[in-house]
Each structure stands twice: as C-alpha cells, then as structure tokens.
Amino acid sequence: RRQYHPRAPLFPYTSAHSWTLVETEPADPSRCKQIESLFSLANGHLGLRGGYEEGVEGASSCDAVFVNGFYDALPIKYPEAAFGFPLTEDVLLPTPNPKPFKISITSPAGEEFFGLGSGTITDYSRTLDMATAQLSRELLWTSPSGLQLKIQSVRTVHQTRTYLALFRYEFT
C-alpha cells in the first residue's frame with residue numbers, strides 16, 4: 001500500500017481569487033524559465049513571456065516576445081514517407097524584446113545598478129491579473145551603499161488592439 005507524503009508546493013505562489021497569481025518574493029534563478037511561463041501575457045496575436053525586466057544574473061532564461069503569424073517552416077524528414085505525414089513544421093520565432101532594461105542610481109560610492117542579486121529587496125510583490133491581462137510588480141530595493149529605490153511596473157497586452165503592448169514604470 002502506498003502512503004502519501006506531503007511535499008513543498010511545486011508552485012509557491014498565492015492567489016487571492018482564481019484570476020490572479022501572486023509572487024511574494026523573487027524567484028530562485030534556477031526557476032526563471034518556469035516563472036517566465038507562469039507570468040506570461042498574451043492576447044492571441046502578441047505574447048510576452050513573464051521574465052524580469054532587469055534579468056537575473058546567472059540564470060538560464062527564455063524571455064521573449066512572440067507575434068502570431070511570424071513563423072519559419074522547417075522540413076520534416078521521416079525514415080519512411082507515408083501518405084498524410086506533414087512535410088513541414090511551423091516554428092514560432094521570437095521577435096525583438098523591448099522589456100529588458102538596466103536601472104542605475106548615482107550614489108557617493110559611484111554608479112550602482114539594480115538587480116535581484118544585488119542589494120536588499122523588501123516589500124516585494126508581483127501579480128498577474130488574468131481578468132485584466134496585467135502584470136504588475138512593486139518592490140523596495142536598498143542598494144549596497146544604503147540608498148533606497150521604490151520600483152513599480154505594470155505591463156499589459158491590449159485585448160482589442162492586439163498589436164499593442166503597454167509598459168509603465170515608476171521610480172521613487
């Protein structure tokens with residue numbers, strides 16, 4: 001007879017209701033690909049993977065932007081051809097990614113760059129609201145020299161103007 005042994009949850013994210021997914025601390029770099037999939041936005045024409053704007057140092061990432069209809073056709077080779085086998089496969093190609101950027105602040109110690117691996121992050125929250133197709137993030141970052149920066153960001157893909165993605169960033 002098999003016994004059930006409870007494990008840590010596979011997806012350690014909370015949800016206020018069924019249309020939101022909330023991340024309460026930055027992800028472990030080894031899980032960046034998983035996070036990018038979970039926090040993706042799409043509208044049927046435009047798809048944005050849910051990667052961090054600043055990237056994660058030392059993490060394997062697949063962060064990309066995809067446009068429906070932008071494909072490459074590749075031939076399929078079979079050891080033995082048969083009727084009804086497709087001759088080509090369509091591969092969705094990534095397009096230029098407008099999301100990544102670097103944030104720097106000038107301090108008495110010199111120029112410092114924001115990153116999830118540098119300084120200290122507190123009050124972190126990232127929420128995917130599937131009802132409004134918005135991914136928002138809010139955090140307070142303390143640089144290694146002690147300066148504080150509050151970062152708020154919202155990204156969305158428009159549901160009627162399907163070619164449109166919108167980004168808003170606030171730094172205080």
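Overview of the structure.

What counts, and where the lines are drawn
Residues numbered from 1 in each chain as written. Predicted model: local features only at pLDDT ≥ 70, side-chain atom pairs only at ≥ 80, totals over all residues. Heavy atoms only, no water. Salt bridge = Lys/Arg side-chain N within 4 Å of Asp/Glu carboxyl O. Helix = DSSP H or I, 4+ residues; strand = E, 2+ residues; numbered from the N terminus. Buried < 20%, exposed > 50% of the residue type's maximum accessible area, 1.4 Å probe, protein only. Core = buried A, V, L, I, M, F, W, Y, C linked by side-chain atoms within 4.5 Å. Pairing = 2+ DSSP bridges. Polar contact = N/O pair within 3.5 Å; in protein donor to acceptor, adjacent residues only side chain to side chain. Contact = heavy atoms within 4.5 Å. Phe/Tyr/Trp six-rings, centres within 6.5 Å; stacked < 30°, edge-to-face > 60°.

The next point concerns the pattern of salt bridges. Oppositely charged side chains can pair when the atoms bearing their charge come close. Enumeration according to the criterion identifies eight salt bridges in this entry. Notably, a salt bridge pairs Arg-49 with Glu-36, separated by 3.3 Å at the nearest N-O pair. Taken together, the residues span a long stretch of sequence, with Arg-49 in the loop between strand 3 (46-48) and strand 4 (65-75) and Glu-36 in helix 1 (residues 32-38) at a distance of 13 residues. Relative accessible area serves as the criterion here: at 4%, Glu-36 is assigned to the buried category. The closest approach of N and O atoms between Asp-63 and Lys-99, which form a salt bridge, is 2.7 Å.

As a further point, take the nonpolar core. General note: in soluble globular proteins, nonpolar side chains tend to be found buried as a group. Counting 24 residues, the largest nonpolar core has Tyr-52, Phe-114, Ile-121, Leu-139 and Trp-141 as the members making the most contacts within it. For this core, the elements supplying multiple residues, two or more each, are helix 1, strand 3, strand 8 (120-129), strand 9 (134-142) and strand 10 (148-157).

This next bit is on the sheet that holds strand 4. Overall, antiparallel pairing links the four strands, which are arranged 2-3-4-5 in an open sheet. Of all strands in the sheet, those with a lone pairing partner are strand 2 (41-42) and strand 5 (88-95), marking the two edges. As paired strands, strand 4 and strand 5 are joined by seven bridges and run antiparallel to one another. Bridge pairing links Val-65 to Thr-95 in strand 5.

Our focus in this paragraph is the side chain of Thr-142. Turning to its location among the elements, Thr-142 is positioned in strand 9. In this structure the side chain of Thr-142 is engaged in a polar contact, spanning 3.4 Å, whose partner is the side chain of Gln-148. Ignoring anything within four residues of it in the chain, the contact list for Thr-142 reads Gly-119, Thr-120, Leu-147 and Gln-148.

Here a ring pair, both rings aromatic, is described through the centre-centre distance and the interplanar angle of the planes. Tallying each qualifying case throughout the model produces five aromatic pairs. With centroids separated by 4.7 Å and ring planes inclined at 55°, the aromatic side chains of Tyr-78 and Phe-85 adopt a geometry described as tilted. On the basis of relative accessible area, Phe-85 is assigned to the partly exposed category, the value being 41%. Consider the rings of Tyr-169 and Phe-171, whose centres lie 6.5 Å apart with planes at 10°: the pair is stacked.

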